[in-house]
Amino acid sequence: MAAFPHSPNSTFRRLRGQLSPAEFAALVRRSAKEIGETVSCDARYIGRVESGEIRCPNYAYERVFLHMFPGRTLADLGFSPREAVRGRSAQRGSHPVPCSPSSAKESDVLRRAFMAGGSATVAAATLSLTLLGDTRRLPARAGESEAAAVEDAVRRIRLLDDRHGADALYRRASEPLRTAYALLDAGATRQSTEDRLHSGAGELAVSVGWLAHDSGRFDDARSHYAEALATARVARDAGLEAHAFSNMSFLARDTGRAREAVRAAQAGRRAAASLGSPRLLSLLALREAGGWAGLDDRKACEESLARAHREFSRGPAEADPEWMSFFGEAELESLEARCWSALGEHARAARHARRAADLQDPHFARNVALYTAELAGDLARADAPDEAAWAGGRVLDLLAEVQSTRVRSMLAETAATLVPHQRSPRVSTFLTRHAAT
């Protein structure tokens, strides 16, 4: 039976089975790729479907779901008929319609405004034109459409970063961030909307900070992460606070501030203690391990790694934040590899980096390139030049679609390490290709 508004879609929930919302969302994205569709599905979207908020998916999601469950109709998946949701009969019905044609069109315009890549003034003007018919100012009070637009901007940025890397996205993403905080400053029509705006703006600040981080703009990244942390503190949002501290720890490790990396990770662990997400605690333990490795404290690093594995083994939970969809076994292996590399155990690091590259879903092209670049560097330092050159060649193949200063910097270090071995044909071929790029 189709789910009515605010009635849980128990049919769709049963189809998810034992997968967490984040894992099921990843499966949806992979299925979309199989048929040439593009959807920015995440755990929050799955939650909206299962809660009954989304009574009928858009056409792209419809094609993906029917591909995933062949032989079934939308009704078999627990959805309402499209005409009951979108048409005039729905507007006359006894049940409220969550998304009328006008609001759907409005939401699409908002999303385009956030991702158009123009100036903040252009984005704000588009929002004003859509909602108020006045291109000179933002709405006096933000509503549900603005909150949804901010949330969608976060999802789209993460999706594009997964596929292509940060370099081409950073400056475009900075503009919707400014608009999001302008909306937050304007206030909201109700407290629940203001809470969504706080969370959405903070998550957008973390996402833009990560784009700056991954593209080598470390001062910008630090500023964005601090902005996200301030937003979390104002809103008393422990999940956002833990996310900001996690990224701040990562940035500190990458910029040689190992003690700060440890302290930020520990602060994140305190913020996350009551959230009920073992996977989040696992990630924060890995961040802390990276800091201890930078301090050359092997014992503390191993203790943090052991804690990370214990928390990870507890499995996914409903409380896992949607931004953690990237954190699976591949990422765990990668972060552990970086710890062993920092401690000088490059052969051991290479084993973990190889597992990370093998386990990573090809859909996340940036991560595949990152893990393979890590593998190449560890192999080069472990005195396995031919294998390192082979892995480096794989990264060069991926750079046609991935733009990441981090990956390019890692590959440049590997190339420099391999120069003494350039008499090897495989190494020579890699160095020639690398020089050409």
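Criteria and thresholds
- Residues numbered from 1 in each chain as written.
- Predicted model: local features only at pLDDT ≥ 70, side-chain atom pairs only at ≥ 80, totals over all residues.
- Heavy atoms only, no water.
- Helix = DSSP H or I, 4+ residues; strand = E, 2+ residues; numbered from the N terminus.
- Contact = heavy atoms within 4.5 Å.
- Areas by Shrake-Rupley, 256 points an atom, 1.4 Å probe, with all protein chains shown as cover.
- Phe/Tyr/Trp six-rings, centres within 6.5 Å; stacked < 30°, edge-to-face > 60°.
- Buried < 20%, exposed > 50% of the residue type's maximum accessible area, 1.4 Å probe, protein only.
- Core = buried A, V, L, I, M, F, W, Y, C linked by side-chain atoms within 4.5 Å.
- pLDDT = per-residue confidence, 0-100.
- Salt bridge = Lys/Arg side-chain N within 4 Å of Asp/Glu carboxyl O.

1. Details of the overall build of the protein chain
Consideration 1: Looking only at helices and strands, the protein chain features 22 helices and 0 strands.
Consideration 2: Here the analysis covers contacts within the protein chain between residues at least 6 apart in sequence; of these, 67% occur between residues at least 24 apart.
Consideration 3: When the accessible surface of the protein chain is split by element, carbon and sulfur atoms take 50% of a total near 19,300 Å².

2. Details of the packing of aromatic side chains
Consideration 1: Taken as a whole, this structure holds 10 aromatic pairs when the rule is applied.
Consideration 2: Here the aromatic rings of Tyr61 and Phe65 are separated by 5.8 Å at their centres, their planes lie at 35°, and the arrangement is tilted. With a gap of 4 residues between them, Tyr61 and Phe65 both fall in helix H4 (residues 59-68), about one helical turn apart.
Consideration 3: By relative accessible area, Tyr61 is classed as buried at 7%.
Consideration 4: Phe65 gets classed as buried once you look at its relative accessible area, which sits at 0%.
Consideration 5: For the pair Phe65 and Phe79, a centre-to-centre distance of 6.0 Å together with 15° between the ring planes defines the contact as stacked. Remark: Phe79 occurs in the loop between H4 and helix H5 (82-86) and Phe65 occurs in helix H4; sequence separation between them is 14 residues. We note that Phe65, like Phe79, is buried.
Consideration 6: One aromatic cluster is present, formed by Phe12, Phe24, Tyr45, Tyr61, Phe65 and Phe79 through successive ring pairs.

3. Let's talk about the nonpolar core
Consideration 1: Leu197, Leu204, Val208, Leu211 and Tyr225 are the most contacted members of the largest nonpolar core, which has 37 residues in total.
Consideration 2: Taken together, the elements giving at least two residues each to this core come down to helix H9 (144-164), helix H10 (170-186), helix H11 (191-214), helix H12 (218-235), helix H13 (238-254) and helix H14 (258-272).
Consideration 3: Examining the composition of this core, we find that 9 residues originate from one element, H11, more than from any other.
Consideration 4: In contact with Leu204, other than residues within four places in its own chain, are Val150, Ala153, Val154, Ile157, Pro176, Leu177 and Ala180.
Consideration 5: In this structure, Ala350, Ala389, Ala391 and Leu411 belong to the second largest nonpolar core, which totals 32 residues.

4. What to know about unusual backbone geometry
Consideration 1: Of note in this structure, Arg236 is not a glycine but carries a positive phi near 55°.
Consideration 2: One non-glycine residue with positive phi stands out, namely Asp383, at about 65°.
Consideration 3: Within the element layout of this structure, Asp383 appears in the loop between helix H19 (365-381) and helix H20 (385-398).

5. Some remarks on the environment of Val402
Consideration 1: Here Val402 is to be found in the loop between H20 and helix H21 (405-418).
Consideration 2: We classify Val402 as buried; its relative accessible area is 0%.
Consideration 3: It is 9.7 Å that separates the C-alpha atoms of Val402 and Leu370, two residues lying 32 residues apart in sequence.

6. What to know about the confidence of the model for the protein chain
Fine structural detail should not be taken from predicted coordinates in areas where pLDDT scores are low.
Consideration 1: Counting all residues, the mean pLDDT for the protein chain is 82, and 83% of those residues have values of 70 or more.
Consideration 2: Below a pLDDT of 50 lies the segment residues 86-136, which in the model reaches 77 contacts outside its immediate sequence neighbourhood of four places, other chains included.

7. Considering the pattern of salt bridges
When their charged atoms lie close together, side chains carrying opposite charge are able to pair.
Consideration 1: Across all of its chains, the model carries 25 salt bridges by this definition.
Consideration 2: Residue Arg366 pairs with Asp214 through a salt bridge whose shortest N-O separation is 3.5 Å. Here Asp214 lies in helix H11 and Arg366 lies in helix H19, a separation of 152 residues in the sequence.
Consideration 3: Here Glu374 makes a salt bridge to Arg338, at a shortest N to O gap of 2.4 Å. Within this pair, whereas Glu374 is found in helix H19, its partner Arg338 is found in helix H17 (residues 329-342), the two being separated by 36 residues in sequence.
Consideration 4: Looking at Glu374, the relative accessible area reads 7%, which means it is buried.

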